[in-house]
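Residue-level listing of the chains:
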Amino acid sequence: MVNRRRVLVACVWAACSSPVDSFSSSHECHRSRMTAAHQETGSRLDASSNTPAEDASTRNSQYLEQSQSEFAIAYLNEHHKDVLSSFVMAFSEVGELSVSKNMWMGGSYVLEEAKLSGITRDSLIIEATIQESGKSSKQQVEVSLDSSPVKGMRKKFIELPPVDGAILARSSQLPIDDFVRRMVRLCNQAKAYSATGKMIQLGVQLGGKGAGKLKDNMFLNQVPHNRYVRQYFYEMAADAALEAVVLCSAGFISNRMKLQVMFPEMNPQMDSYRIGTLLELTRTIAIRFAEQNLRVRVCVQGSIGQGIFTAIPKQLNGVATILKRMDWQSGEGEENEGMVGDFVNFGHIGKEHVVNFKEGEGGEADTQQDDVFILICPQNMQGIESSIIPYLLEMTEAVGDRPMILINPDLVDKASSQGQQSVRGRQDRIDFANSFKTIFQFQNIYYSGTSYFPILGASTLLGPEEMWVSHQRRDLKGGKGEVYVPVYASESMPDSEVLMSTFSQQ
């Protein structure tokens, strides 16, 4: 059996012996415990935000540390005055007044300056200098950290939903991370895109958990990659997958998930593609689950098509055989003794490869159900009956609400003869493909679509409830190394136009 088995998730799916239909109910106790814990956390936050009105310094001490608050205020006032002015115009009554008062005479009501004076749990306290009819006056403006643009400014700025308070509480217990994430949303609404990366850097500098932070000196332009670089990506992806499974067991996220891991050795469109890297990544994730007493089914796409046109995608040719022959350290006396065949099993994509619990008869051992399913690069092909979607759809129905993780899927239609993967049923296929939510992504950004080197940067999502962060790769002076610097962040996948515009401003 596995020697270094941990018990982090043992309470989530501990030796699950119920049919797939009762998967949720068998963990109701665990779900209720986690829900109660998060409700308690939420109630504490709500209680602390409903305190009587106090001066700014007292409220600061309840949210950010004094040194963090002072540094953040000084930094924003010195480097982001334009952003603070945009906040005042977009999220306060000053913006609405400027629209009404400048309607008949432009320039009669102007915001001259905005200076941050305080940060509370709920808002930014800004001293606004306003010129009205040639006379200047100062006014204190309170901008909520969960603001949306005021009515008169909704055409000029963008309206985005507030960040879920429960996600904020789960993703980090540090107030500075809470502040940074809410500031990133405000910057995106105010179209201050380049400031979002600065907010991420501010959080790192002030002792945050380092949202979106990447290792220096990965040298992904060098192929093959160093082993420690591969292992770095394997561990990040495995951590994100395990976190997602825990969140799924508590009912916080869907059981349909996907990992997009596209550094050069994982990108099948590049000549640097290495099948061994894909399988090592899969092995690391599967072992991580098995260490938590979860039974894993690793599935590879089988032959699909019709007649003599039956085939397997070139990218997956031989993968099923190599996967079984890999060194899993599962032999007698090895580190993961007995893991393969007990906690890790293999199969193809399809409902017939979903194993449910079955009670043994006549003295036979019980058949244990699979807890987690890992599907390696499911993809459509050109040809008749060459869409993987029907097989995936049947499998998701058989799996029920157990976690199902796709690694680097390609579910885009590939139009073929006889109207296959064409207009008919396209929206249903798109909706099904979109039902798998990204829980981890690392994708390099290049200068053009036809040249993959040098690398410009990377777009990342380092966890199921983290922000999307885009980085620019920069060489250190004198060729002493390279760093990935956060330049843009958002709650959703970055828009390509916004991303390239932000990159050009750096």
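How each quantity is defined
- Residues numbered from 1 in each chain as written.
- Predicted model: local features only at pLDDT ≥ 70, side-chain atom pairs only at ≥ 80, totals over all residues.
- Heavy atoms only, no water.
- Patch = residues over 30% accessible without salt bridge, like charges linked within 9 Å, V, L, I, M, F, W, Y side chains within 5 Å.
- Areas by Shrake-Rupley, 256 points an atom, 1.4 Å probe, with all protein chains shown as cover.
- Salt bridge = Lys/Arg side-chain N within 4 Å of Asp/Glu carboxyl O.
- Helix = DSSP H or I, 4+ residues; strand = E, 2+ residues; numbered from the N terminus.
- Buried < 20%, exposed > 50% of the residue type's maximum accessible area, 1.4 Å probe, protein only.
- Pairing = 2+ DSSP bridges.
- Axes fitted to C-alpha atoms, helices over the stretch in contact; angles between N-to-C directions.
- Contact = heavy atoms within 4.5 Å.
- Phe/Tyr/Trp six-rings, centres within 6.5 Å; stacked < 30°, edge-to-face > 60°.
- Lys NZ or Arg CZ within 6 Å of the ring centre and 35° of its normal.
- Polar contact = N/O pair within 3.5 Å; in protein donor to acceptor, adjacent residues only side chain to side chain.
- Expected span 1.5 Å × (residues − 1).
- Core = buried A, V, L, I, M, F, W, Y, C linked by side-chain atoms within 4.5 Å.

1. Regarding a nonpolar patch on the surface
A surface patch of nonpolar side chains, amounting to about 530 Å² of accessible area, comprises Val 99, Met 103, Trp 104 and Met 105. Relative to the assigned elements, Trp 104 resides in the loop between α5 (93-101) and β1 (109-119). The class for Trp 104 is exposed, based on a relative accessible area of 78%.

2. A word on the sheet that holds strand β6 (residues 344-348)
Strand pairing within a sheet occurs via backbone hydrogen bonds; the two strands may be parallel or antiparallel. Taken together, the nine strands give an open sheet; going across it, the order is β6-β5-β7-β8-β4-β9-β10-β11-β12, and neighbouring strands pair in mixed fashion. With partners counted over all chains shown, the strands left at the sheet margins are β6 and β12 (482-490), one partner each. Across the sheet, the mean angle from the axis of one strand to that of its neighbour is 20 degrees, orientation sign disregarded. Here strand β5 (residues 296-300) runs beside β6; their pairing, made up of five bridges, is parallel. By the bridge assignment for β6, Val 300 is matched with His 348. Contacting β11 (468-475) and β12, helix α8 (residues 193-205) crosses the sheet at an angle of about 120 degrees to β12.

3. A closer look at the packing of aromatic side chains
Counted by the stated rule, this structure contains seven aromatic pairs. By way of ring pairs, the aromatic residues Tyr 232, Phe 233, Phe 263 and Phe 442 are connected into one cluster. The aromatic ring of Phe 436 is capped on one face by Arg 256, whose charged end is 5.9 Å from the ring centroid. Over the ring of Phe 343 we find Arg 295; its NZ or CZ atom is 4.6 Å from the centre of that ring.

4. A look at the sheet that holds strand β3 (residues 135-144)
Read across the open sheet, the three strands follow the order β1-β2-β3; overall the sheet is antiparallel. The open sheet is flanked by β1 and β3, the only strands paired with a single partner. Each neighbouring strand pair of the sheet contributes to a mean axis angle of 25 degrees, computed without reference to strand direction. Helix-sheet contacts for helix α4 (residues 81-91) involve β1, β2 (123-132) and β3, and the interaxial angle to β1 is about 105 degrees. Sitting on the sheet, α5 touches β1, β2 and β3, and the angle it makes with β1 is about 175 degrees.

5. Section: the side chain of Gln 260
With respect to the helices, strands and loops of the structure, Gln 260 is situated in strand β4 (residues 256-262). Not counting the four nearest positions on each side in its chain, Gln 260 is found in contact with Asn 408, Pro 409, Phe 440, Gln 441 and Phe 442.

6. Brief notes about the pattern of salt bridges
Per the counting criterion, the structure on display carries 14 salt bridges. Here Lys 101 ties to Glu 132 by a salt bridge, and the two come within 2.6 Å at their closest N and O atoms. Taken together, the residues span a long stretch of sequence, with Lys 101 in helix α5 and Glu 132 in strand β2 at a distance of 31 residues. Its relative accessible area of 33% is what places Lys 101 among the partly exposed residues. Here Glu 482 and Arg 473 are joined by a salt bridge, their closest N and O atoms 3.0 Å apart. When sorted by exposure, Glu 482 lands in the same class as Arg 473, which is buried. Counted as one network, the salt bridges with shared partners bring together Asp 146, Asp 178 and Arg 182.

7. Digging into the side chain of Gln 301
When you line up the elements, Gln 301 lands in the loop between β5 and α11 (319-325). Accessibility expressed as a relative area gives 2% for Gln 301, which makes it buried. Engagement of the side chain of Gln 301 in a polar contact is seen with the backbone nitrogen of Gln 379, the distance being 2.9 Å. Leaving out residues up to four positions away in the same chain, Gln 301 has contacts with Ile 312, Pro 313, Leu 316, His 348, Ile 349, Cys 377, Pro 378, Gln 379 and Ile 388.

8. Digging into helix α10 (residues 275-290)
Counted at 1.5 Å a residue, the expected span for α10 with its 16 residues is 22 Å, and the 23 Å between its end C-alpha atoms agrees. Where burial is concerned, most of α10 is hidden: 13 out of the 16 residues are buried.

9. Looking at the nonpolar core
Among the nonpolar cores identified, the biggest contains 57 residues, and Ile 285 and Phe 289 are the most heavily contacted of them. Ranked by the residues each element gives to this core, the list is headed by helix α9 (residues 227-249), at 13 residues. In this structure, Phe 289 is in contact with Ala 241, Leu 242, Val 245, Leu 294, Val 296, Val 372, Ile 374 and Ile 405, ignoring residues within four places of it in sequence. Counting 47 residues, the second-largest nonpolar core is a separate cluster that includes Val 94, Ile 119, Leu 145 and Met 467.

10. Some details on the environment of Phe 71
Among the secondary structure elements, Phe 71 is positioned in helix α3 (residues 66-79). Each C-alpha atom of the pair Phe 71 and Gln 205 lies 9.9 Å from the other, and the pair is 134 residues apart in sequence. For Phe 71, the residues in contact, after removing those within four places along its chain, are Leu 202, Gln 205 and Leu 206.

No statement about biological role is implied by the geometric values presented.
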